[in-house]
Amino acid sequence: MPTAIPVTTKIRTRTPTRKASVYDNVVRQFNRAADLMDLDENIRKILATPVNEITVHFPVKMDDGRIEMFTGFRVQHNNTLGPFKGGIRFHQNADLDEVKALATWMTWKSAIVDIPFGGAKGGIRFDPSKHSQAELERITRRFTWALGQNIGPEYDIPAPDVNTNAQIMAWMLDTYLTSIPPQDRGRCMHVVTGKPVGLGGSLGREKATGQGLMFCVEEWAKDRSFDLAKASYTVQGFGNVGSWAARLMDQHGSRLVAAEDVTGAISNPAGIDAEELTKYVKDNRGVYGFPKAVPVDHEAFFSTEADIFIPAALENQITGQTASMLRVKMVAEGANGPTDPFGDILLRKSGVDVLPDILANSGGVVVSYFEWLQNKRSEYWDLDEVDGKLHRKIVAAYQRVRNAAKEYDTDWRTAAYTVALARLQKVYEARGVFP
Ligand code: GLU
């Protein structure tokens, strides 16, 4: 157990924020891979543009009787491989640029792990921490209503993302079912995934993104003959993905030495118990003030010496400024888009291994697919079955990306893109473009 270090002073930290166009990052990543593999010009044009970009403005009654207007988005990037699929986030910085980027990453992710889904993402631009549960419910339901038939169990299937969870999915499901004829309701449970277990949700879905990341880290450790029991690591973001990744790393005997989220950053070189920190975060809405660690600032967090860094918060955290501060061997991206193109160049130069988001955090959408299948077949799978199937999918995807990195002699992010793009290219070649 780490020794108790009392928190004495409150250190102001720079909270993680986004700085530039996230979609621009996607375009740069995409072009790098497309050039390398000499992707067909026509397929390039098609994949560079989302199919649908939906913006809705909707009124919601607040607890005090006032009406407030909200803005939400759903971007459907591509459905060549199957229905549009991707999460919904609640965040004050959500905008069309960000949601477009996230939707595009979903297309690549589904292609890499080889599940029959396309890519989509949604968001509502507001700060959920400033609203009561009752207001959150009305905002969620009114947004779902506004989306109408733009979502559907065989068309576009939302799931949780930043600041959304199984409860939000339950409200989305209920609202969607209310909007369709009663005779159809029993066979439309798969309109959203990440639902509560007992309401069509799958065992293992809540931890799935962290679990998928863990499986990738295990494969990497095997490749590098690296002993995870002796590893130290840091985590940025202690929500669903970060806290699950940390708890699973702890099960290997790895030591969490620093953590950061919007409330601040904390450090303890002797190790922070991930389970205890998860409980603390639930009660205190953030890592700041955790009694068995000391507060540190953003720079100190980024320059913490550790073997592995797990960014599990928002986009554009590893940048031209912060990448050179990192003193780690490997970055396992739990968040979507945590590294911008400048950060990427620096990581490549310094020889840090990167398990890219579209591979490392794909466990969430894989188990979403399993949930979707269970709903369609009216089945419940046990946890061993879910975890076993997830393990097979992730290991196969990891190997595909590793092989592509060898074949093209390139970094893993670009390699992951080539896997996704090759898969999509094949389908476009077979189907052609109508008319
Ligand atoms: N929001 C998660 C992601 O970014 C999960 C998406 C899903 O399950 O559809 O991958």
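As shown above, the structure is provided for reference.
Not measured: the values here are computed from a predicted model.

Caption draft 1: How the structure looks around the environment of R285. As for its placement among the helices and strands, R285 is situated in the loop between α9 (274-284) and β9 (294-296). When its relative accessible area of 62% is taken as the criterion, R285 is described as exposed. For the pair R285 and N163, spaced 122 residues apart in the sequence, the C-alpha separation amounts to 12 Å. Apart from residues no more than four positions distant in its own chain, R285 is found in contact with S129, T263 and Y280.

Caption draft 2: Representation of helix α14 (residues 383-408) within the structure. The terminal C-alpha atoms of α14 lie 37 Å apart, and with 26 residues this matches the ideal 38 Å at 1.5 Å per residue to within 8%. Every buried residue of α14 is accounted for by V386, D387, L390, I394, V395, A397, Y398, V401, A404 and A405. Check the buried side of α14 and you find it contacts α3 (96-112), α7 (208-223), β12 (353-355), α12 (357-360), α13 (363-377) and α15 (412-431). A positive backbone phi angle near 50° is found at D409, which sits one or two residues after α14.

Caption draft 3: Seen up close, the packing of α7 against helix α8 (residues 240-251). Following both chains from N to C, one finds α7 and α8 inclined at 45°, their axes separated by 8 Å at the closest point. With respect to their mutual orientation, α7 and α8 come out oblique. Judged by the sense of rotation from one axis to the other, the crossing of α7 with α8 is right-handed. Counting all contacts with α7, which are made through T209, G210, Q211, L213, M214 and V217, the residues of α8 involved are V241, W244, A245, L248 and M249. When the residues that make up the contact of α7 with α8 are grouped by side-chain class, the tally is 8 nonpolar, 3 polar and no charged.

Caption draft 4: Broad picture of the sheet that holds β9. Taken in spatial order, the 7 strands line up as β9-β8-β7-β6-β10-β11-β12 in an open sheet, and their pairing is mixed. Whereas interior strands pair on both sides, the edge strands pair on one side only; in this sheet they are β9 and β12. Within the sheet, the average angular offset between the axes of one strand and its neighbour, ignoring direction, is 20°. Docked against the sheet, α9 engages β6 (232-236), β7 (255-261) and β8 (264-272), running at close to 155° with respect to β8.

Caption draft 5: A look at a nonpolar patch on the surface. A cluster of nonpolar side chains, contributed by V197, L203 and L383, occupies part of the molecular surface with about 240 Å² of accessible area. Among the secondary structure elements, L383 is positioned in helix α14.

Caption draft 6: The side chain of T80, seen in detail. Relative to the helices and strands, T80 resides in the loop between β2 (67-78) and β3 (84-90). A relative accessible area of 13% places T80 in the buried class. Side chain to side chain, T80 and Y428 meet in a polar contact 2.8 Å long. Look past the residues within four positions of T80 in its chain and what remains in contact with it is L424, V427, Y428 and R431.

Caption draft 7: Focus on the nonpolar core. Counting residues in hydrophobic clusters, the biggest one holds 86 residues, and the most contacted among them are W108, V217, L277 and I310. Element by element, the count of residues in this core is highest for α15, at 9 residues. Of all hydrophobic cores here, the second largest spans 26 residues; its members include F90, F143, L147 and I168.

Cut-off values and rules
Residues numbered from 1 in each chain as written. Predicted model: local features only at pLDDT ≥ 70, side-chain atom pairs only at ≥ 80, totals over all residues. Heavy atoms only, no water. Helix = DSSP H or I, 4+ residues; strand = E, 2+ residues; numbered from the N terminus. Buried < 20%, exposed > 50% of the residue type's maximum accessible area, 1.4 Å probe, protein only. Contact = heavy atoms within 4.5 Å. Expected span 1.5 Å × (residues − 1). Axes fitted to C-alpha atoms, helices over the stretch in contact; angles between N-to-C directions. Parallel < 35°, antiparallel > 145°, perpendicular 65-115°, else oblique. Left-handed = near helix turned anticlockwise from the far one by under 90°. Nonpolar A, V, L, I, M, F, W, Y, C, P; charged D, E, K, R; others polar. Pairing = 2+ DSSP bridges. Patch = residues over 30% accessible without salt bridge, like charges linked within 9 Å, V, L, I, M, F, W, Y side chains within 5 Å. Areas by Shrake-Rupley, 256 points an atom, 1.4 Å probe, with all protein chains shown as cover. Salt bridge = Lys/Arg side-chain N within 4 Å of Asp/Glu carboxyl O. Polar contact = N/O pair within 3.5 Å; in protein donor to acceptor, adjacent residues only side chain to side chain. Core = buried A, V, L, I, M, F, W, Y, C linked by side-chain atoms within 4.5 Å.

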